[in-house]
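Fold and contact review
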Amino acid sequence: MTGPDPAGTRTARPPVELVIFDCDGVLVDSERIAVGVHARILADLGCDFTRAEIVDLFVGSSKEVYRRAVEERLGRALAPDWQEPYEHLYQEAYAAGGLTPVDGVGEALAALTVPLCVASNTRAESVRMSLRRTGLDPWFGEHVFSATEVARGKPAPDLFLHAARGMGVPPDRCAVVEDSAYGAAAARAAGMRVFAYCAGLTPAERLAGPGTVVFDDMRRLPELIEQQTAPE
């Protein structure tokens, strides 16, 4: 499944010189596990959300977005560090659940010939741990960027622009691989090409938008990126 921008037009653009990957749901198959942890945490706080609400509101969101939604449901403010006591639950769940790479991502990484990096709302040390557990860390080395390094996480463009600067590549020569509506919106706001993976939890219609290719087979990613930069 692929889908260009809604206008249905495609023109040649500058070649892609950097592919920026989100981590959870794009490189590692962690979102389904994380949703269960979200539910446990929210129940502990006394504000149950349905699974559908958790996917819509929290998958790919920044800590700021997460906190505002919880505060609105609770009707009270949370402490700035309210998540700290719960952070260990995610890594424990990933260890117990047998964290695996997203299907086909190994083939995609092997076929890409440009520099790669990761840009995630998650803390860098947690991202690196997930990459090590799934054997994907050699593809990225130290090229891991976290929302903790910028003023605003996704859906703001700050993180992707920070990653592009860190890798020395202009935004219009970057491609972003995302699986959440927040991440896709952030990449579009950064002026980058978006490749939105819809075989996870977020439906295709929530990922679609201008300058966005929606796809459901990670093995096709290198081909899709090449198509978007080839002359008509």
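This part covers unusual backbone geometry. Glycine aside, residues mostly have negative phi angles, and peptide bonds mostly take the trans form. In this chain, K154 is followed by P155 through a cis amide linkage whose omega measures 20°. Summarising the element assignment, P155 is placed in the loop between β3 (144-146) and α7 (158-167).

Let's shift gears to the nonpolar core. F21, L27, V70, L131, M218 and L221 are the most contacted members of the largest nonpolar core, which totals 55 residues. Looking at this core element by element, the count peaks at six residues for helix α1 (residues 31-45).

Look at helix α4 (residues 87-97) against helix α6 (residues 124-134): their axes get within 12 Å of each other, and the N-to-C directions meet at 5°. By the angle between their axes, α4 is roughly parallel relative to α6. Where α4 approaches α6, its residues Q91, Y94 and A95 are matched on the opposing element by S126, M129, S130 and R133. Here the contact of α4 with α6 is composed, by residue class, of three nonpolar, three polar and one charged.

Now for the pattern of salt bridges. Scanning all chains against the criterion turns up 16 salt bridges. The partner of R32 in a salt bridge is D29, with the nearest N and O atoms 3.1 Å apart. The class for D29 is partly exposed, based on a relative accessible area of 31%. When salt bridges with common partners are traced through the structure, they connect K63, E84, E87, R123 and E125 into a single cluster.

Bringing the packing of aromatic side chains into the picture now. Applying the stated rule across the entire model yields six aromatic pairs. Where F58 meets Y66, the ring centres are 4.4 Å apart and the plane angle is 25°; that geometry is what we call stacked. Residue classification places F58 among the buried positions, given a relative accessible area of 3%. One aromatic cluster is present, formed by F49, F58, Y66, W82 and Y86 through successive ring pairs.

Calculation criteria
- Counting restarts for each chain, with residues numbered from 1 along the sequence as it is written.
- Under the rules for a predicted model, residues below a pLDDT of 70 receive no local features and side-chain atom pairs below 80 are neither given nor counted, while totals for whole chains, interfaces and linings still include all residues.
- The basis for every side-chain value is the complete set of heavy atoms in the structure, and neither hydrogens nor water enter the calculation.
- To qualify as a helix, a DSSP run of H or I must reach at least 4 residues; to qualify as a strand, a run of E must reach at least 2; elements of each kind are numbered from the N terminus.
- The criterion is simple. A nonpolar core is a set of buried Ala, Val, Leu, Ile, Met, Phe, Trp, Tyr and Cys residues joined through side-chain atoms within 4.5 Å.
- Burial here depends on accessible area, computed with a 1.4 Å probe over protein chains only, as a share of the maximum for the residue type. Under 20% is buried, over 50% is exposed, and the range in between is partly exposed.
- Fitted lines through C-alpha atoms give the axes, limited to the stretch in contact for helices. The angle between two N-to-C directions lies from 0 to 180 degrees.
- Geometric relationships in this document are graded by angle, where less than 35 degrees denotes roughly parallel, more than 145 denotes roughly antiparallel, 65 to 115 denotes roughly perpendicular, and other angles denote oblique.
- Two residues qualify as a contact provided that any one of their heavy atoms is within 4.5 Å of a heavy atom in the partner residue.
- All amino acids are sorted into three groups, where Ala, Val, Leu, Ile, Met, Phe, Trp, Tyr, Cys and Pro are nonpolar, Asp, Glu, Lys and Arg are charged, and the leftover types, Gly among them, are polar.
- Each salt bridge in this description consists of a side-chain nitrogen of Lys or Arg and a carboxyl oxygen of Asp or Glu lying within 4 Å of one another.
- Here a pair means two rings of Phe, Tyr or Trp (six-membered ring of Trp) with centres within 6.5 Å. Their orientation is stacked below 30 degrees between planes, edge-to-face above 60, and tilted elsewhere.

In short, shape yes, function no, at least from these values alone.
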